[in-house]
Amino acid sequence: MGIDYSDLHDPNAEYTMRELSAETMGADRERPAPRDLEITDVQTTMVDGNFPWTLVRVYTDAGVVGTGEAYWGAGVPELIERMKPFVIGENPLDIDRLFEHLVQKMSGEGSVEGVTVTAISGIEVALHDLAGKVLDVPAYQLLGGKYRDDVRVYCDCHTEEEADPEACAEEAERVVEELGYDALKFDLDVPSGLEKDRANRHLRPGEIRHKAEIVEQVTERVKDRADVAFDCHWTFSGGSAKRLASELEEYDVWWLEDPVPPENLEVQEEVTKSTTTPIAVGENRYRVTEERRLIENQAVDIVAPDLPKVGGMRETQKIADVANQYYVPVAMHNVSSPIATMASAQVGAAIPNSLAVEFHSYELGWWSDLVEEDVIEDGSITIPEKPGLGLTLDMDTVEEHMVEGETLFDPA
């Protein structure tokens, strides 16, 4: 018999002076149809994509269902199950209050950062989809309207010979010419064959030359046909990151991503200010409070929040608002299914400083089959005018690719 996570005892959740339920807040007055509805259930299904995507559904007594997605990770479905009692009976249109309500209820279980924020994000995205359907407007309209009809997509590229500069350059050209992308990203934390100690984060001169060769060949191959970013996955020491960034200044680098670990803001700031190579950071920070520190300290040139991880759609918009005060563009990190990818694009349409949204699944042949609609075409996402996120899950594809042992959530 499995554990009922929704019934776990937590004194912090059962007693809080900042109780934000509708009943406690006095926000339970009857509303005119169709806005007089209540949440009846929250369910998840984990899909085995190139990441184990956690899809989320919020059900209502009006029969309207919202679909969202949480960033992948162990424990996320259990946390969502844990939070279900806190939203049952609530009006799903009160998205901001419900987000803060869950943050407060889960404060003892880590809602400052980490997978608890991720779990809340999945519910928050589903609420935007649901609210859009109830009000018959696209999700971007809930965020204040749109700046653009199409959101640019950058393709995270890979090759079996990821450490071979020539192979990377060939793949870059293929993705531009055959797949139609004009924005790319490649990994730089790849083996050069010159490593002596992977634990100390230090880059030897030969390693830096190897990484510079990858950058040189890729950027020279595509030239002005595409912008190219390079990801370091928070791998290097501060000193090595500064030397690498300095070495890359002569090339057309769109940005260098996560060159140092995320915990020490001072080191990140020092690296960013030491170079003219643009530095992008943000996927390992949570909520606007953490992203704000990066931006206000001018420790980033481009901020890169991951929407279903950082707090959801409204939280990502709040991050973009802060970034806009410092003239910092937003390039959304994204390793998600079409659901959270579209949620990111909806936010990208609604903020002035949107740069691009990542696509990390171009090698996964059935990614687009997960929904009935087309999502990415010619390197961009056209924002649908359908209500909510504008996507319809293909339940047969979801069921076919569920993680082993998973059960399918109820249909809409």
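Attention here is on the structure that accompanies the text.

1. Considerations on the side chain of Glu 124
By the element assignment, Glu 124 lies in helix H5 (residues 115-135). For Glu 124, the contacting residues outside a window of four places in its chain are Ile 95, Phe 99, Gly 311, Gly 312, Met 313, Arg 314 and Glu 315.

2. Details of helix H13 (residues 313-325)
The end-to-end C-alpha distance of H13 is 19 Å, a good match for the 18 Å that 13 residues give at a rise of 1.5 Å each. Listing the buried residues of H13 in full gives Met 313, Glu 315, Thr 316, Gln 317, Ile 319, Ala 320, Val 322 and Ala 323. Just downstream of H13, Tyr 327 is the residue with a positive phi angle, here 60 degrees.

3. Quick notes on empty space enclosed by the protein
Counted by the stated rule, this structure contains two cavities of 30 Å³ or more. One number sums up the size of the largest cavity: a volume of about 50 Å³. Together, Cys 157, His 158, Thr 159, Glu 162, Cys 168, Phe 186 and Asp 187 line the largest cavity. Taken together, the residues that form the lining of the largest cavity break down as three nonpolar, two polar and two charged. When its volume is computed, the second largest cavity comes out at roughly 40 Å³. Along the walls of the second largest cavity sit Ile 95, Asp 96, Phe 99, Glu 124, Gly 311, Arg 314, Glu 315 and Lys 318, which together make up its complete lining. Secondary-structure elements contributing two or more residues to the lining of the second largest cavity are helix H4 (95-105) and H13. The residue inventory of the lining of the second largest cavity, partitioned by class, reads two nonpolar, one polar and five charged.

4. Here we look at a negative patch on the surface
Together, Glu 30, Asp 36, Glu 38 and Asp 61 line one region of the surface with negative charge. Along the chain, the position of Asp 61 falls in the loop between strand E2 (52-60) and strand E3 (65-70). Looking at Asp 61, the relative accessible area reads 49%, which means it is partly exposed.

5. Examining the environment of Val 47
For Val 47, the position within the fold is in strand E1 (residues 39-48). Judged by relative accessible area, Val 47 falls into the buried class, the value being 0%. As for Val 47 and Val 403, which are separated by 356 residues in sequence, their C-alpha atoms are 5.3 Å apart. Apart from residues no more than four positions distant in its own chain, Val 47 is found in contact with Pro 52, Trp 53, Leu 55, Trp 366, Leu 370, Val 398, His 401, Met 402 and Val 403.

6. Description of the environment of Asp 410
Mapped onto the elements of the fold, Asp 410 is located in the segment after helix H15 (395-400). Residue Asp 410 is classed as partly exposed on the basis of its relative accessible area, which comes to 41%. A sequence separation of 365 residues divides Asp 410 from Thr 45, and the C-alpha atoms of the two residues are 9.6 Å apart. When neighbours within four sequence positions are excluded, Asp 410 is seen to be in contact with Gln 43, Arg 57, Tyr 59 and Met 395.

7. Description of the packing of helix H11 (residues 287-296) against H13
Running from N to C, H11 and H13 cross one another at 20 degrees; their axes reach a closest spacing of 9 Å. In this view, H11 runs roughly parallel relative to H13, as classed from their interaxial angle. By crossing handedness, the relation of H11 to H13 is classed as right-handed. Mapping the contact onto sequence places Arg 287, Val 288, Glu 291, Arg 292 and Ile 295 in H11 and Glu 315, Lys 318, Ile 319, Val 322 and Ala 323 in H13. For the contact of H11 with H13, the residue count by class is five nonpolar, no polar and five charged.

8. What to know about the pairing of E3
Counted residue by residue, E3 has six buried out of six residues, so it is predominantly covered. What you see with E3 is no split at all: Val 65, Thr 67 and Glu 69 on one side and Gly 66, Gly 68 and Ala 70 on the other are buried throughout. When E2 meets E3, the two strands line up antiparallel, connected through six bridges. Looking across to E3, one finds that Val 58 is bridged to Gly 66. Taken together, E2 and the strand that follows it, E3, pair antiparallel across an intervening segment of four residues, in which Gly 63 is found at a positive phi of about 85 degrees.

9. Here's the deal with the packing of aromatic side chains
Going through the model one piece at a time under the given rule, you end up with eight aromatic pairs. Note on Phe 51 and Trp 72: the rings are 5.4 Å apart at their centroids and 40 degrees apart in plane angle, and the pair reads as tilted. Of this pair, Phe 51 sits in the loop between E1 and E2 while Trp 72 sits in the loop between E3 and helix H3 (76-87), placing them 21 residues apart in sequence. In this structure Phe 51 comes out as buried when scored by relative accessible area, which is 16%. Taking 5.9 Å as the distance between ring centres and 70 degrees as the angle between the ring planes, the aromatic pair formed by Trp 53 and Trp 366 counts as edge-to-face.

So, how was this worked out
- Residues numbered from 1 in each chain as written.
- Predicted model: local features only at pLDDT ≥ 70, side-chain atom pairs only at ≥ 80, totals over all residues.
- Heavy atoms only, no water.
- Helix = DSSP H or I, 4+ residues; strand = E, 2+ residues; numbered from the N terminus.
- Contact = heavy atoms within 4.5 Å.
- Expected span 1.5 Å × (residues − 1).
- Buried < 20%, exposed > 50% of the residue type's maximum accessible area, 1.4 Å probe, protein only.
- 1 Å grid on protein atoms, 1.4 Å probe; cavity = no way out; pocket = protein on both sides within 12 Å on 5 of 7 lines; lining within 4 Å.
- Points joined across faces, edges and corners; volume = space filled by probe spheres on them.
- Nonpolar A, V, L, I, M, F, W, Y, C, P; charged D, E, K, R; others polar.
- Patch = residues over 30% accessible without salt bridge, like charges linked within 9 Å, V, L, I, M, F, W, Y side chains within 5 Å.
- Areas by Shrake-Rupley, 256 points an atom, 1.4 Å probe, with all protein chains shown as cover.
- Salt bridge = Lys/Arg side-chain N within 4 Å of Asp/Glu carboxyl O.
- Lys, Arg positive; Asp, Glu negative; His and termini not counted.
- Charge placed at Lys NZ, Arg CZ, Asp CG, Glu CD.
- Axes fitted to C-alpha atoms, helices over the stretch in contact; angles between N-to-C directions.
- Parallel < 35°, antiparallel > 145°, perpendicular 65-115°, else oblique.
- Left-handed = near helix turned anticlockwise from the far one by under 90°.
- Pairing = 2+ DSSP bridges.
- Phe/Tyr/Trp six-rings, centres within 6.5 Å; stacked < 30°, edge-to-face > 60°.

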